[in-house]
Amino acid sequence: MAHEEILSEQEAIEKDIRSRVAAFEKARGNLIPILQMIQEKQAYLPPEAINTVAAHLEIPVCEVYGVATFYNQFRFHPPGRHPVKVCMGTACHVKAGDVILENFERKLEIREGQTTPDREFSIERVACVGCCALAPVALIGDTVHGHMAPSKVEGLLLRIRIEKEKAEREKVRGER
Amino acid sequence: MMLNILIDDKKIEAEEGKNLLQACLDNGIYIPNLCHVKDMAHPQASCRLCFVEIEGEKKPVPSCSVTVREGMRVKTDTPSVRRLQRSAFHLLLSRHFIECKVCPANRKCELQKIAKFLKVGLKSNYPLLLPKAVLETGKQETDESHPIFNYYPNRCVLCGLCIHVCRTTHGIALLTFAKRGIDTVISFYGEEDVSRLPGDKCLACVNICPVSAITLKSLS
Ligand code: SF4
Ligand code: SF4
Ligand code: FES
Ligand code: FES
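Rules and cut-offs
- Residues numbered from 1 in each chain as written.
- Chains lettered and ligands numbered in written order.
- Predicted model: local features only at pLDDT ≥ 70, side-chain atom pairs only at ≥ 80, totals over all residues.
- Heavy atoms only, no water.
- Buried < 20%, exposed > 50% of the residue type's maximum accessible area, 1.4 Å probe, protein only.
- Helix = DSSP H or I, 4+ residues; strand = E, 2+ residues; numbered from the N terminus.
- Contact = heavy atoms within 4.5 Å.
- pLDDT = per-residue confidence, 0-100.
- Buried area = accessible area lost by both parts, 1.4 Å probe.
- Salt bridge = Lys/Arg side-chain N within 4 Å of Asp/Glu carboxyl O.
- Polar contact = N/O pair within 3.5 Å; in protein donor to acceptor, adjacent residues only side chain to side chain.
- Nonpolar A, V, L, I, M, F, W, Y, C, P; charged D, E, K, R; others polar.
- Near = heavy atom within 4 Å.
- Domains from an automatic or database assignment.
- Pairing = 2+ DSSP bridges.
- Axes fitted to C-alpha atoms, helices over the stretch in contact; angles between N-to-C directions.
- Phe/Tyr/Trp six-rings, centres within 6.5 Å; stacked < 30°, edge-to-face > 60°.
- Lys NZ or Arg CZ within 6 Å of the ring centre and 35° of its normal.
- Parallel < 35°, antiparallel > 145°, perpendicular 65-115°, else oblique.
- Left-handed = near helix turned anticlockwise from the far one by under 90°.

A.B. asks: In this structure, what is going on with helix α4 (residues 61-70) of chain A? I would like to understand it.
C.D. replies: Residues lying three or four places apart along an α-helix face the same way, a consequence of the helix completing one turn every 3.6 residues. With eight of its 10 residues buried, α4 of chain A lies for the most part within the structure. Three or more residues of α4 of chain A are buried, namely Val61, Cys62, Val64, Tyr65, Gly66, Val67, Ala68 and Thr69 of chain A. Contacts made by the buried residues of α4 of chain A are with α2 (31-42) and α3 (47-57) of chain A together with β7 (176-178) and β8 (185-187) of chain B.

Listed below in structure tokens is the structure:
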């Protein structure tokens, strides 16, 4: 049942996107505004949406993809429930932000721009988040973690997982 | 109308409207080039290898983006031309994974040809900009998403010839540049549906690639 619900919800979203795309004039100049609209609605650009856009504007699918990948603002994977954002601004870069990024990538076994199969975590790099004094900085959800160190990564992820398990256990208990 | 031009003290004739690089190549004067094809309407001038000096112009210019003029005097081998070509070439090589011995392009490779012509090695003077995993494992990446072709992003020189030839052959390009900057790659995204593919009937992109960065799966 739950699975069917998700499916029908998915279909409803796709239908909504299709009708919104159809409302745009068939002009190549509308490509980016359309992509922005989809990303705003769905938080990423699913393959079906890319196909819809290509069909509507009558341009090759790969061209839509080429344009979309040129801009950092577009995502191609659904964001995780706990999006990890690693700062790559100048201050964080100097303090080896790339090492922090690499650590998250290794611990979660995904690359930047991707989402874990259970959709719990996703990783992206962001520009200066405005607290350079705390460099290197990473955000998990809305929580800022300053003075990041490779050794802190594991612990942060573990805490979120433990909290999730606890919440689930409590839910089960509540249902009983 | 035929125009007279002078290239390195050699007199040649070239048709009006012709591109200078093509005029030289047609007359057996080699100028290193990667991103040029005959009769391309708008040269992309992206590889920055085809520099020449033209009398009356202050700086060397990419010859693929110049149209021949009557009485033009051109030098293809001045020290500043060579300096520019060598730096451009080494920048290209800084994101190129060298493994000539096992590379399908070996011996017919444009990079080998250009290296020989410029009298430089294939090892870049610049720090290598290959992805970390490639440097660590010593193995290059392969994009196997396409049902018929494999694509090797660390071999590709991003000359764009594959996109150009696909577009001129089929009216639309079934492959594209994706991402940007140092991450730029060629992508077949969305064209993986075999039923819609010219497939192994059309190997235009495979055949035009100067470094065999697109190969037939069945052969690799
Ligand atoms: S593309 Fe050319 S230079 Fe590069 S590895 Fe292959 S043969 Fe060597
Ligand atoms: S795949 Fe080959 S032809 Fe296409 S851009 Fe790369 S090097 Fe050039
Ligand atoms: S550079 Fe990372 S917070 Fe400013
Ligand atoms: S051939 Fe002229 S810039 Fe590439």
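A.B. asks: Honestly, the environment of asparagine 4 of chain B in this entry has me stumped. Any pointers?
C.D. replies: With respect to the helices, strands and loops of the structure, asparagine 4 of chain B is situated in strand β1 (residues 2-7). Ignoring anything within four residues of it in the chain, the contact list for asparagine 4 of chain B reads Ile12, Glu13, Arg69, Glu70, Gly71 and Met72 of chain B.

A.B. asks: In this structure, what is going on with unusual backbone geometry? I would like to understand it.
C.D. replies: Only a minority of non-glycine residues have a phi that is not negative, and only a minority of peptide bonds are not trans. Along the chain, alanine 135 of chain A connects to proline 136 of chain A via a cis peptide bond; the corresponding omega equals -5°. Mapped onto the fold, proline 136 of chain A is located in the loop between β2 (121-126) and β3 (138-140). Unlike most non-glycine residues, aspartate 8 of chain B shows phi in positive territory, near 45°. Here aspartate 8 of chain B is to be found in the loop between β1 and β2 (10-15).

A.B. asks: Would you take a moment to explain the confidence of the model for chain B for this structure?
C.D. replies: Averaged over chain B, the pLDDT score is 91; the fraction of residues at 70 or greater is 95%. Here the prediction assigns the complex a pTM of 0.83, and the interface score ipTM is 0.78.

A.B. asks: Explanation requested: the interface of chain A and chain B in the structure shown.
C.D. replies: Quoted interface sizes are often the accessible area lost when the parts come together. Counting residues at the interface gives 13 residues for chain A and 15 residues for chain B. Both sides of the chain A and chain B interface together cover about 1100 Å² of buried area, and 58% of this is carbon and sulfur. For the pair chain A and chain B, the interface holds one salt bridge. Across the pair lysine 132 of chain B and glutamate 102 of chain A runs a salt bridge whose closest N-O atoms are separated by 3.4 Å. For the interface between chain A and chain B, the tally reads three residue pairs in polar contact (both at pLDDT 80 or more). Residue assignment for the side of chain A that touches chain B shows that the elements contributing at least two residues are α3, α4 and α6 (97-108) of chain A. In terms of residue count, the dominant contributor to the side of chain A that touches chain B is α4 of chain A (seven residues). Class assignment for the residues of the side of chain A that touches chain B results in seven nonpolar, three polar and three charged.

A.B. asks: Help me understand the site of ligand 1 in this model?
C.D. replies: With respect to spatial proximity, 13 residues lie near ligand 1, and among them His96, Glu99, Cys100, Cys103 and Cys109 of chain B are the closest. Residues of the shell around ligand 1, tallied by class, amount to eight nonpolar, three polar and two charged.

A.B. asks: Honestly, the domain arrangement of chain B in this entry has me stumped. Any pointers?
C.D. replies: Residue and element names in this part refer to chain B. What the domain assignment lists for chain B is domain 1 (2-91) and domain 2 (96-219). The partner domain 2 presents 22 residues to the 18 residues of domain 1 that form the contact. Carbon and sulfur atoms make up 71% of the surface buried where domain 1 meets domain 2, a total of about 1700 Å² over both sides. When the buried area of domain 1 at its contact with domain 2 is split by residue, Leu34, Phe89 and His90 rank highest and sum to 42% of it. Viewed at the interface, domain 2 and domain 1 are joined by zero salt bridges. On the surface where domain 1 and domain 2 come into contact, there are five residue pairs in polar contact (both at pLDDT 80 or more).

A.B. asks: Just to check I follow, could you spell out the sheet that holds strand β4 (residues 61-62) of chain B for this structure?
C.D. replies: Paired through their backbone hydrogen bonds, the strands of a sheet run either parallel or antiparallel. All names here are of chain B. The sheet built from five strands is open, its strands ordered β2-β1-β5-β3-β4 with mixed pairing. Every interior strand has two partners, whereas the edge strands, β2 and β4, have only one. Here strand β3 (residues 51-54) pairs with β4 via two bridges, running antiparallel. Bridge pairing in β4 places valine 52 opposite valine 61.

A.B. asks: I'm lost on the sheet that holds strand β1 (residues 82-87) of chain A in this one. Help?
C.D. replies: All names here are of chain A. Across the sheet, which stays open at both edges, the four strands sit in the order β2-β1-β3-β4 with mixed pairing between neighbours. Of all strands in the sheet, those bounded by a partner on one side alone are β2 and β4 (143-145). Recorded for the sheet is a direction-independent mean angle of 20° between the axes of neighbouring strands. As paired strands, β3 and β4 are joined by three bridges and run antiparallel to one another. Along β4, the bridge assignment pairs isoleucine 140 with threonine 143.

A.B. asks: Sorry if this is basic, but what is going on with the domain arrangement of chain A here?
C.D. replies: When cut into domains, chain A gives domain 1 (3-70) and domain 2 (82-175). For domain 1 of chain A and domain 2 of chain A, the distance between their C-alpha centres works out to 29 Å.

A.B. asks: Sorry if this is basic, but what is going on with the packing of aromatic side chains here?
C.D. replies: Under the counting rule described, the total for this entry stands at six aromatic pairs over all chains. Grouping aromatic residues by their ring pairs yields a cluster made of Tyr65 and Phe76 of chain A together with Tyr189 of chain B. The ring of tyrosine 152 of chain B is capped by arginine 155 of chain B, whose NZ or CZ atom sits 4.5 Å from the centre of that ring. In this structure, arginine 180 of chain B is placed above the aromatic ring of phenylalanine 70 of chain A, and the distance from its NZ or CZ to the ring centre is 5.5 Å.

A.B. asks: What is the right way to read the side chain of asparagine 19 of chain B from this model?
C.D. replies: Residue and element names in this part refer to chain B. Structurally, asparagine 19 is set in the loop between β2 and α1 (20-26). Only 3.0 Å separates the side chain of asparagine 19 from the backbone nitrogen of leucine 21, close enough to count as a polar contact. Contact partners of asparagine 19, with chain neighbours within four places excluded, come to His36, Ser63, Cys64, Ser65, Val66 and Val68.

A.B. asks: Hey, could you run me through the packing of α3 of chain A against α4 of chain A in this one?
C.D. replies: Any two packed helices are characterised by how steeply their axes cross, that is the angle between the axes, and by the distance between the axes. Residues and elements named next belong to chain A. Where α3 contacts α4, the two axes come as close as 8 Å, and the packing angle between them is 115°. Viewed along their axes, α3 and α4 adopt a mutual orientation that is roughly perpendicular. In this structure, α3 meets α4 at a crossing whose hand is right-handed. Together, Ile50, Asn51, Val53 and Ala54 of α3 and Val61, Val64 and Tyr65 of α4 make up the contact between the two elements. Residues of the contact of α3 with α4, tallied by class, amount to six nonpolar, one polar and no charged.

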